[in-house]
Structures are given as structure tokens and as C-alpha cells.
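Residue strings, one per chain:
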Amino acid sequence: MPGEYAAASVKIQYENGGGGSGTVVYYDSSQRAALVLTNRHVASPNRKMAVLLPDGRGSGAQFLCYGPDGTDLAAIAVTADETWPILPVAASDEKTKAGSKVWMAGYPGSMGRKQTGRLGYYRGQRGRDDWYTMYCSGGDSGSGIISEDGKLVGVLWGGDAGNHYSTLAVPL
């Protein structure tokens, strides 16, 4: 996985354990704030969260909102004294085509919550979700799905029961 894509991948941790992954999609130096996209089932307005970058920098996080119409998306805000790397979100006309390579960047529990990147392939739509062929495991929830040109095209939310190589993501 190209390093510049991975730099915006974050680990989300709860005060009492657990968490998931996310992607920094916006940073405002005048407000000293960053915006992170993750899953509805990862972010919670009722739990204390911290967000950590791959380089070790981190900050407390505040829940902002859930995605529309029950989608498994959430946004959280982070106070960031220093510049945080971002990954641009793909425009709606930059949809991934079947067979295209994609990268997933996240912090799976199966890897000791260390950052990993995995190569996969876009298979198409499955209901309202995007369907990929790539391995996923617990802790990957909220990981960014990144196109070959380095844009965030989806947020991983899980896999098919019994098949860790069939991954589903919320398209952006």
C-alpha cells in the first residue's frame, strides 16, 4: 500500500478498550481540527474516544453525526494542534469499476491493532453496499477503501459471515 495513503488511516480507541479504524478526510489549520470518517457501529456519542495516527500522534475525539438513512457511516472531530494528513474523498463521478484494484488501510484486531494495508478488487454493487474481494477481520471496521488514484471510495463495515475474503463497504 502506498505510504501516502496509509498516513491518513487512524486507529480509534475507546477509553475502556475496543475500537476500530477510520480515515482523516479534512484538516483545517485555522480551527486546529480534523474530520475522520468511520462506521456508525465504531463511533458512539456516549463513549470517550481517542484517535491515533500511524506516526503515534493522537488526540481525544468527539462524535459529530451518523450517516444518512441508516448507513453505517459516522463522522468524528479531532482537535489537532499539528497538521494531519488527509485522504481526499472521490467525487461521485469517480466510481470504482468492477475489477479495479483497491487498497484497504486499517487497524485489525487480528494483527494486534497494528496498521495494515491489503490489496483487493472491486466486484460491484451488492444491495446498497460495494462488494470487494479482500481479507477483513475484527477491528477493520471503519477502514478506508482507497482507489488506485489515492481517493477514498468507501468505508469498510464488515464481511460475509464465514468468508473473510468477501468484504462489504459503504460507498461514498
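We now turn to the structure provided with this report. Everything numeric here is computed off the predicted structure, so don't read it as measured data. (Residues numbered from 1 in each chain as written. Predicted model: local features only at pLDDT ≥ 70, side-chain atom pairs only at ≥ 80, totals over all residues. Heavy atoms only, no water.)

Quick notes on the overall build of the protein
Next, step 1: Along its length, the protein carries one helix and 12 strands.
Next, step 2: Each helix and strand of the protein, placed in order from N terminus to C terminus, yields the pattern α-β-β-β-β-β-β-β-β-β-β-β-β.
Next, step 3: Every one of the 172 residues in the protein was classed for burial, and the buried ones make up 49%.
Next, step 4: If you take every contact in the protein between residues at least 6 apart in sequence, the share linking residues at least 24 apart comes to 59%.
Next, step 5: Taken as a whole, the protein presents about 8100 Å² of accessible surface, with 51% of it coming from carbon and sulfur. (Helix = DSSP H or I, 4+ residues; strand = E, 2+ residues; numbered from the N terminus. Buried < 20%, exposed > 50% of the residue type's maximum accessible area, 1.4 Å probe, protein only. Contact = heavy atoms within 4.5 Å. Areas by Shrake-Rupley, 256 points an atom, 1.4 Å probe, with all protein chains shown as cover.)

What about the sheet that holds strand β6 (residues 74-79)?
Next, step 1: Strand order around the closed barrel formed by six strands is β1-β2-β3-β6-β5-β4, with antiparallel pairing between neighbours. Here the average twist between neighbouring strands, direction ignored, is 40°.
Next, step 2: Here five bridges tie strand β1 (residues 9-14) to strand β2 (residues 19-28), and the two strands are oriented antiparallel to one another. From the neighbouring strand, Ile12 faces β2, where its bridge partner is Gly20. (Pairing = 2+ DSSP bridges. Axes fitted to C-alpha atoms, helices over the stretch in contact; angles between N-to-C directions.)

Quick look at the pairing of strand β10 (residues 144-147)
Next, step 1: Of the two faces of β10, the one carrying Gly144 and Ile146 and the one carrying Ile145 and Ser147 are both buried.
Next, step 2: Pairing analysis gives four bridges linking strand β7 (residues 101-106) to β10, with the strands arranged antiparallel. Bridge pairing in β10 places Met104 opposite Ile145.

Side note on the pattern of salt bridges
Next, step 1: Throughout the structure, instances matching the rule amount to three salt bridges.
Next, step 2: In this structure, Asp81 engages Arg32 in a salt bridge whose closest nitrogen and oxygen atoms are separated by 2.7 Å. Of this pair, Asp81 sits in the loop between β6 and β7 while Arg32 sits in the loop between β2 and β3 (33-38), and the two are 49 residues apart along the sequence.
Next, step 3: By relative accessible area, which is 42% here, Arg32 ends up partly exposed.
Next, step 4: Put simply, Arg57 and Glu82 hold a salt bridge, and the shortest N to O gap is 3.9 Å. Residue Arg57 is found in the loop between β4 (49-52) and β5 (58-66), and its partner Glu82 is found in the loop between β6 and β7; the two are separated by 25 residues along the sequence.
Next, step 5: One network of salt bridges, in which partners are shared, links Asp55, Arg57 and Glu82. (Salt bridge = Lys/Arg side-chain N within 4 Å of Asp/Glu carboxyl O.)

Digging into the side chain of Thr23
Next, step 1: Within the secondary structure, Thr23 sits in strand β2.
Next, step 2: Side-chain polar atoms of Thr23 contact the backbone nitrogen of Gly144, separated by 3.5 Å. (Polar contact = N/O pair within 3.5 Å; in protein donor to acceptor, adjacent residues only side chain to side chain.)

Remarks on the pairing of β3
Next, step 1: Relative to β3, β2 runs antiparallel, the two being bridged by five bridges. Looking at the pairing, Tyr27 lines up with Ala34 of β3.
Next, step 2: Where β2 hands over to β3, the hairpin turn is made up of four residues, of which Arg32 adopts a positive phi near 50°.
Next, step 3: Bridge analysis of β3 against β6 gives six bridges, and the strand direction is antiparallel.

Some thoughts on the packing of aromatic side chains
Next, step 1: Enumeration according to the criterion identifies two aromatic pairs in this entry.
Next, step 2: Across the ring face of Trp131, the terminal group of Arg123 is positioned such that the distance to the ring centre comes to 3.8 Å.
Next, step 3: In this structure, Arg126 packs its charged tip against the face of Trp131, placed 4.5 Å from the ring centre. (Phe/Tyr/Trp six-rings, centres within 6.5 Å; stacked < 30°, edge-to-face > 60°. Lys NZ or Arg CZ within 6 Å of the ring centre and 35° of its normal.)

Overview of unusual backbone geometry
Next, step 1: For Arg32, which is not a glycine, the phi torsion comes out positive at approximately 50°.
Next, step 2: One non-glycine residue, Asp69, lies in the positive phi region at around 55°.
Next, step 3: Among the structural elements, Asp69 can be located in the loop between β5 and β6.
Next, step 4: Taking relative accessible area as the criterion, Asp69 reaches 72% and is therefore assigned exposed.

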